[in-house]
Amino acid sequence: MSSKNQFGKQGWTPDRIGSLKGKTFVITGTTSGTGFEAAKILLSKEAKVVMLNRNPKKAADTLTTLKQELGNAIDVTNIQIDLAVLASVRKAAEEILKTVPRIDALMCNAAIAQVPKQTFTVDGFESQLGVNHYGNFLLQALLYPRIEASNGRIVVVGSMGYNLGIKTIQFDDMNWDKNYNPNSVYSQSKLAQIMCVYELQDRLKQAGNTKVKVYACHPGASATSLIRTSGSLLTRFVWQIMKLTPMVQSAEKGSYPELMCATEPDLDQEGFYGPTGKNYWTGPVGECKLEPHAKDKPVMEKLWKVSEEAVAFKWNV
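The structure displayed is predicted, hence computed values, not measured ones.

1. A few points about the packing of aromatic side chains
Inspection of the entire model under this criterion finds seven aromatic pairs. A ring pair is formed by Trp 12 and Tyr 256, whose centres lie 6.2 Å apart and whose planes are at 75 degrees; its orientation type is edge-to-face. Here Trp 12, found in the segment before β1 (24-28), pairs with Tyr 256, found in helix α8 (residues 251-263); they are 244 residues apart in sequence, far enough to count as distant. Ring pairs connect the aromatic residues Phe 137, Tyr 144, Trp 304 and Trp 315, which therefore count as one cluster. For the cation-ring pair, Lys 295 lies above Tyr 198, with the distance from its terminal atom to the ring centre recorded as 4.4 Å.

Shown next, in the form of structure tokens:
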């Protein structure tokens, strides 16, 4: 797989981040994995971090851990959010808009994966699409005015899984009632997330808006709890074995692509960023090839419209 790396042989690393004093980063899903590592690195560079997590107990434990590791002076808070519940997303966004005066980057990191049986959110969406796509889509839309006022960024953590499914959006059966398959639906949810990044870029361009930058990235194959928390027994077993091999990198390395997209100046928005080694699983972080179906314009436009209707909110770009 060919991929150019503008950051040299080692690829991008957090050594490139200078002081982030005065900057604020809002990150979903920071109680473990790449989200935790990203928060830790940003805090170590003097940034303010607002964590968005579903589980208040785990969030409190994370705050304690971060303070133990980095000292009590760090500026970190948590706001409760459940991306599977649109009312919760609205409530969290309201609290953020009230209490967080600027957003330099919103990092949509949280996700669920490989849910073994078709499951629905309270709003009636298939759970993987509901959490990974609709929940994040609404959160971005609600926080957009604050991000714009801050000349900030939106960073969406996708997955190479976008390339494993049906290579388009199944508009005639968004809940996959007829052909539910854990991997295909996960792929669909990640494709939807990525497509909306490039559709938003197009809309900003059309509006002549250069204030907000939007990026898509993926963490490669990283040792996180993503599959442990929602995959089937077999999937979890296989993944535990894989984690012991060189095919899987640390969660810290998995956080590099989203950190790069949140902080690197003058990064080309049209790229898709992540580890550039074999299968894009591990290796130096840089630009990866994005397959053409992820930028299929008529599908992107239709998906945007369907998503706005699903979450009952219209973006104001």
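2. Description of the confidence of the model for the protein chain
In this model, the protein chain carries a mean pLDDT of 91, and residues with pLDDT of at least 70 account for 90%. Scored below 50 in pLDDT, residues 224-228 shows 16 contacts in the model against residues more than four places distant or in partner chains.

3. Points about helix α1 (residues 33-44)
Think of an α-helix as 3.6 residues a turn; residues three or four steps apart then line up on the same face. The end-to-end C-alpha distance of α1, which contains twelve residues, comes to 17 Å, matching closely the 16 Å that a straight helix rising 1.5 Å per residue would cover. Counting buried residues along α1, ten of its twelve residues qualify, which places the element largely inside the surrounding structure. For α1, the complete set of buried residues consists of Gly 33, Thr 34, Gly 35, Phe 36, Glu 37, Ala 38, Ala 39, Ile 41, Leu 42 and Leu 43. Each element contacted by the buried residues of α1 is listed here: β1, β2 (48-53), α2 (56-70), β3 (75-80), β4 (105-108) and α8. Glu 46 sits one or two residues past α1 and shows a positive phi near 75 degrees.

4. Brief notes about the packing of α1 against α2
A pair of packed helices is captured by two measures, namely the crossing angle of their axes and the spacing between those axes. The N-to-C vectors of α1 and α2 enclose an angle of 40 degrees; their axes lie 11 Å apart at closest approach. By the angle between their directions, the pair α1 and α2 is classed as oblique. The crossing of α1 and α2 is right-handed. Taking contact as the criterion, the partners of Phe 36, Lys 40, Leu 43 and Ser 44 in α1 are, on α2, Thr 62, Thr 65, Leu 66, Glu 69 and Leu 70.

5. A word on empty space enclosed by the protein
This model, assessed by the stated rule, comprises one cavity of 30 Å³ or more. Roughly 40 Å³ of internal volume is contained in the largest cavity. Along its surface, the largest cavity is lined by His 133, Phe 137, Gln 140, Val 156, Gln 193 and Cys 196. When contributions to the lining of the largest cavity are tallied by element, the ones reaching two or more residues are α4 (127-149) and α5 (182-206). Here the lining of the largest cavity gets three residues from one element, more than from any other, and that element is α4.

6. With respect to the pairing of β4
Side chains Ala 105 and Met 107 project from β4 onto one buried face, and the interleaved Leu 106 and Cys 108 project onto a second face that is buried too. Pairing analysis gives three bridges linking β1 to β4, with the strands arranged parallel. Residue pairing across strands places Phe 25 opposite Ala 105, the latter belonging to β4. Strand direction decides the pairing type here: β4 and strand β5 (residues 153-157), joined by four bridges, are parallel. Note that in β5 the partner of Ala 105 across the bridge is Arg 153. At this point the chain moves from β4, through α4, to the parallel β5, and the crossover so formed is right-handed.

Rules of the game
Residues numbered from 1 in each chain as written. Predicted model: local features only at pLDDT ≥ 70, side-chain atom pairs only at ≥ 80, totals over all residues. Heavy atoms only, no water. Phe/Tyr/Trp six-rings, centres within 6.5 Å; stacked < 30°, edge-to-face > 60°. Helix = DSSP H or I, 4+ residues; strand = E, 2+ residues; numbered from the N terminus. Lys NZ or Arg CZ within 6 Å of the ring centre and 35° of its normal. pLDDT = per-residue confidence, 0-100. Contact = heavy atoms within 4.5 Å. Expected span 1.5 Å × (residues − 1). Buried < 20%, exposed > 50% of the residue type's maximum accessible area, 1.4 Å probe, protein only. Axes fitted to C-alpha atoms, helices over the stretch in contact; angles between N-to-C directions. Parallel < 35°, antiparallel > 145°, perpendicular 65-115°, else oblique. Left-handed = near helix turned anticlockwise from the far one by under 90°. 1 Å grid on protein atoms, 1.4 Å probe; cavity = no way out; pocket = protein on both sides within 12 Å on 5 of 7 lines; lining within 4 Å. Points joined across faces, edges and corners; volume = space filled by probe spheres on them. Pairing = 2+ DSSP bridges. Right-handed = clockwise from strand over helix to strand, strands pointing away.

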